[in-house]
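The lines below spell out each chain.
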Amino acid sequence: MDPTVIAVAQLAITIGEPDANRKAAAAAVTEAAAAGARLVVLPELCDSGYVFGAAAAEAQAEAGALASPADDSDTLRLWHVLAAEHHLVIVGGFCERGPGGRLFNSAAVVDASGTRAVYRKAHLWDKEKLVFTPGDAPPPVVETAVGQVGVMICYDLEFPEWVRLAAIKGADLIAAPVNWPYAARPAGERPAEVIKAQAAAATNGVFVAVADRCQDERGVSWISGSLIAGPDGYPLAGPVLEDRPAVLTATCDLRKARDKSLDGDNDLLADRRPALYTQQEAKDERVVAANAHWAARFIANGTSYSDFQATMARITAWDDWCREWGRTGQYYERLAEEADEAGKKVTAGEAWRRAALCWHWGKFVFVDDLDQQRAAHDRTVACFRRGAATLSPPAEPVRVPYQNTTLAAYLRIPGTSQKPPVVIMMPGLDSVKEELQATAEYMLARGLAIIAVDGPGQGEAEYELPIEPAYERVATAVADYLEGRDDIDPARIGGFGVSLGGYYAARAAAYEPRIKAAVALAGPYQWSLDWDILPPQTRATFQRRSGATTEAEAREKLSKLTLEDAAARINTPLLVAAGGRDRLVPTYHAERLAREAPGAELMLDPDGSHGLTNHAFESRSKMADWLAARL
């Protein structure tokens, strides 16, 4: 290979003006070709623009109107003409309409022969998740006339594993269409995105060509950091860092990317120790994720830290999960039996409830062995029931008529002289009425009665009824039941739901007028937008509890759980609570619900985890105070 002139074009893109955007791109390609460029990189979504509508439906409609299939794209046809005319390769971003009408943030590699590859952005940034489906294929490495070209888009470049995949596959150059939104930085410092691009080049010994954009778009400005970095990480051209169009070129000897040697007897790829990395990767990822993300939830809801640690130490593979939590549950069952025999009813009750929680943790997302899962579920119900009476106030098991069956619930009423308000507590995808009791204590302490119910797809109903998108039907059934009680005030009913239960609480507030105030904690607005990035256990659990027979069917069923029509109907007070570090339900769900529901207010903890369980005291106190003030 001879040294090759590489170009990156920083463009001023106007949303909704694809013809003008294509014209600007064509002019930049022509300018680069005149400078001798053999490969030109254009920005992300450079035909459609980037900042679509704030609401998901609006954004999807706008992007959809600007999108086209890769095999019938005016943008890609123009690039083909330009590539043939100027004898070069073009890599650029475009708005793609894929199978089933799904939208993708994509990039294409086009040369004189036509479209060589289409890559769909795998790591979506922020509000992109409202519009696009993430790609599920690794970055392509395309053999072109100039060398081996790898492709990724914007945020992808910040994941070291993603760049390493392309380097291992032999990429000489990473072409990265980007739209880097501006963020404040210390005086004299380069943007972190530019530094990461240089680091990606240096740590993999490849050239990196980044095409950023300029011009304010609907209030969003850009870094305008287009650059070309060599395999040592140092810039060969750029970064621009000015809000103006620009075409940068650099003469790159791409052969240098094939020599991974460093000073001394070192080699970037040969010095890797994949056997060690494989040992780490061989650990069951589901167990690693559980250890990292579930400790706060388990402990906040009644399992001791020492029990969590001891049980997790015995679990090396996911197949061990249910069995080992059952072992911890059996330990508390023995304590409970001994305390019962000795007449120590309070101690026995606490031990029974601890046993129930352990059995619940064993089965809550364990859908790999349904016989084992069902047995653990039955122990959850039986153990908690034996300990329910020693709670203060006691938990009364009740049955709520629903359709042609009944739903199991626990009703707890504080010892007050007057009929108290009552809160319907709604579990999530993998929680149950028994797990909600730790949160219930905060409400009971403020004079609120609670009724925690296993709805369709939950707890005692999960084997009989699939998940119900219109969960207001459950809320209506519970409200009907409560009107028949003479020990609570049915004119003052509230709602509370966590995780998927947060969605249920919002639905109830929208369609059941007897709900006078509700809290939606960590609830999704439309969870199907995140299907591809949900943990495997979550997807498998939803598939099971929705009654879907395939993952594709489960995804379709999940799309039915949406607040698009419901949000605008919520005129009663609604507290939307969320955590900024929620890995299951990103904060954009809460922000959208709070924005669209007339009666909503947002309580966002920037450091909060899913369900705010890492800040349980603070969040539960605030939510209980809020409900008490309104009921």
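Note that the coordinates shown come from a computational prediction; the quantities given were computed from them, not determined experimentally. (Residues numbered from 1 in each chain as written. Predicted model: local features only at pLDDT ≥ 70, side-chain atom pairs only at ≥ 80, totals over all residues. Heavy atoms only, no water.)

Enquirer: What am I meant to see in the overall build of the protein chain here?
Expert: Scanning the protein chain from N- to C-terminus turns up 19 helices and 23 strands. Relative to a compact globule of 631 residues, whose C-alpha radius of gyration would be 25 Å, the protein chain shows 28 Å and is just as compact. Here the C-alpha coordinates of the protein chain stretch approximately 90 × 55 × 50 Å along the principal axes. The buried share of the protein chain, taken over its 631 residues, is 58%. (Helix = DSSP H or I, 4+ residues; strand = E, 2+ residues; numbered from the N terminus. Rg over C-alpha atoms; globule rule 2.2 N^0.38 Å. Buried < 20%, exposed > 50% of the residue type's maximum accessible area, 1.4 Å probe, protein only.)

Enquirer: It is not clear to me how the pairing of strand S1 (residues 4-12) should be interpreted in this structure. Could you clarify?
Expert: Across a regular strand the side chains alternate sides, sitting on one face of the sheet and then on the other. Among the nine residues that make up S1, eight are buried, leaving the element largely enclosed by the rest of the structure. In the sheet, S1 pairs with strand S2 (residues 37-41) via four bridges, with the strands oriented parallel. When the sheet's bridge partners are listed, Val8 is paired in S2 with Val41. Between S1 and its parallel partner S2, the chain crosses via helix H1 (residues 18-34), and the hand of that crossover is right-handed. Pairing geometry for S1 and strand S10 (residues 213-214), over two bridges, is parallel. For Leu11, the partnering residue across the bridge sits in S10 and is Arg213. (Pairing = 2+ DSSP bridges. Right-handed = clockwise from strand over helix to strand, strands pointing away.)

Enquirer: Looking at this model, I keep getting lost on unusual backbone geometry. Mind explaining?
Expert: The bulk of non-glycine residues show a negative phi, and the bulk of peptide bonds are trans. Residues Gly238 and Pro239 are joined by a peptide bond in cis, for which omega reads 0°. As for its placement among the helices and strands, Pro239 is situated in the loop between strand S12 (235-237) and strand S13 (246-252). Going from Ser392 to Pro393, the amide bond is cis rather than trans, its omega being -5°. Of note, Leu45 is a non-glycine position whose phi angle comes to about 45°, a positive value. Mapped onto the secondary structure, Leu45 falls in the loop between S2 and helix H2 (56-66). The phi angle at Gln403 is positive, at roughly 50°, despite the residue not being glycine. Turning to its location among the elements, Gln403 is positioned in the loop between strand S16 (396-402) and strand S17 (405-412). Taking relative accessible area as the criterion, Gln403 reaches 57% and is therefore assigned exposed.

Enquirer: I would appreciate a short explanation of the environment of Val151 in the present structure.
Expert: Tracing the backbone through its elements, the reader meets Val151 in strand S7 (residues 148-151). Owing to a relative accessible area of 1%, Val151 belongs among the buried residues under this scheme. Residues Val151 and Ala176 lie 25 residues apart in sequence; the distance between their C-alpha atoms is 6.1 Å. Sequence-distant contacts of Val151, defined by excluding residues within four places in its chain, comprise Val91, Ala107, Val109, Tyr119, Pro139, Pro140 and Ala175. (Contact = heavy atoms within 4.5 Å.)

Enquirer: Explain the layout of surface pockets here, please?
Expert: Using a probe with the size of a water molecule, rolled over the atoms, empty space left in the structure can be pinpointed. The computed volume of the largest pocket comes to approximately 1000 Å³. What lines the largest pocket is a set of 32 residues, among which Ala122, His123, Phe159, Asp532 and Ile533 lie closest to the centre. Breaking the lining of the largest pocket down by element, the ones donating at least two residues are helix H7 (285-293), helix H16 (536-546) and helix H18 (587-596). It is H7 that provides the largest number of residues to the lining of the largest pocket, a total of three residues. Split into classes, the residues belonging to the lining of the largest pocket amount to 17 nonpolar, five polar and 10 charged. (1 Å grid on protein atoms, 1.4 Å probe; cavity = no way out; pocket = protein on both sides within 12 Å on 5 of 7 lines; lining within 4 Å. Points joined across faces, edges and corners; volume = space filled by probe spheres on them. Nonpolar A, V, L, I, M, F, W, Y, C, P; charged D, E, K, R; others polar.)

Enquirer: Where do I start with the nonpolar core in this structure?
Expert: A general trend in soluble globular proteins is that nonpolar side chains are found buried together. Core analysis: the biggest nonpolar cluster contains 59 residues, and Ile424, Ile451, Leu482 and Leu593 have the highest contact counts within it. Here this core gets eight residues from one element, more than from any other, and that element is helix H15 (residues 500-511). If sequence neighbours within four positions are ignored, Leu593 has contacts with Ala506, Ala520, Tyr525, Leu563, Ala567, Ile570, Leu574, Val576 and Ala600. (Core = buried A, V, L, I, M, F, W, Y, C linked by side-chain atoms within 4.5 Å.)

Enquirer: Explain the pairing of strand S5 (residues 114-120) here, please?
Expert: Two strands pair when backbone bridges link them, and strand S4 (residues 103-111) and S5 are joined in this way by six bridges, in the antiparallel orientation. Residue pairing across strands places Val110 opposite Thr115, the latter belonging to S5. If you look at the hairpin formed by S4 and S5, you'll find two residues sitting between the two strands.

Enquirer: Quick question: what am I supposed to make of the sheet that holds strand S23 (residues 600-605) here?
Expert: For sheets, the rule is that strands pair by backbone hydrogen bonds, running either parallel or antiparallel. In spatial order, the strands read S16-S17-S19-S18-S20-S21-S22-S23; together these eight strands make up an open sheet with mixed pairing. The open sheet terminates on both sides in strands that have one partner only, identified here as S16 and S23. With strand direction ignored, the average angle separating the axes of adjacent strands in the sheet is 20°. Sheet topology note: the strand S21 (residues 515-521)/strand S22 (residues 574-579) ladder contains four bridges and is parallel. Looking at the pairing, Val519 lines up with Leu575 of S22. On the sheet, helix H13 (residues 437-444) packs against S17, strand S18 (422-426), strand S19 (449-453) and strand S20 (493-498) and is oriented at approximately 160° with respect to S19. (Axes fitted to C-alpha atoms, helices over the stretch in contact; angles between N-to-C directions.)

Enquirer: How should I be thinking about the side chain of Asp489 in this particular structure?
Expert: Examined against the element boundaries, Asp489 turns out to sit in the loop between helix H14 (472-483) and S20. Polar contacts involving the side chain of Asp489 include one to the side chain of Arg492, which spans 2.7 Å. If sequence neighbours within four positions are ignored, Asp489 has contacts with Lys419, Pro420 and Val422. (Polar contact = N/O pair within 3.5 Å; in protein donor to acceptor, adjacent residues only side chain to side chain.)

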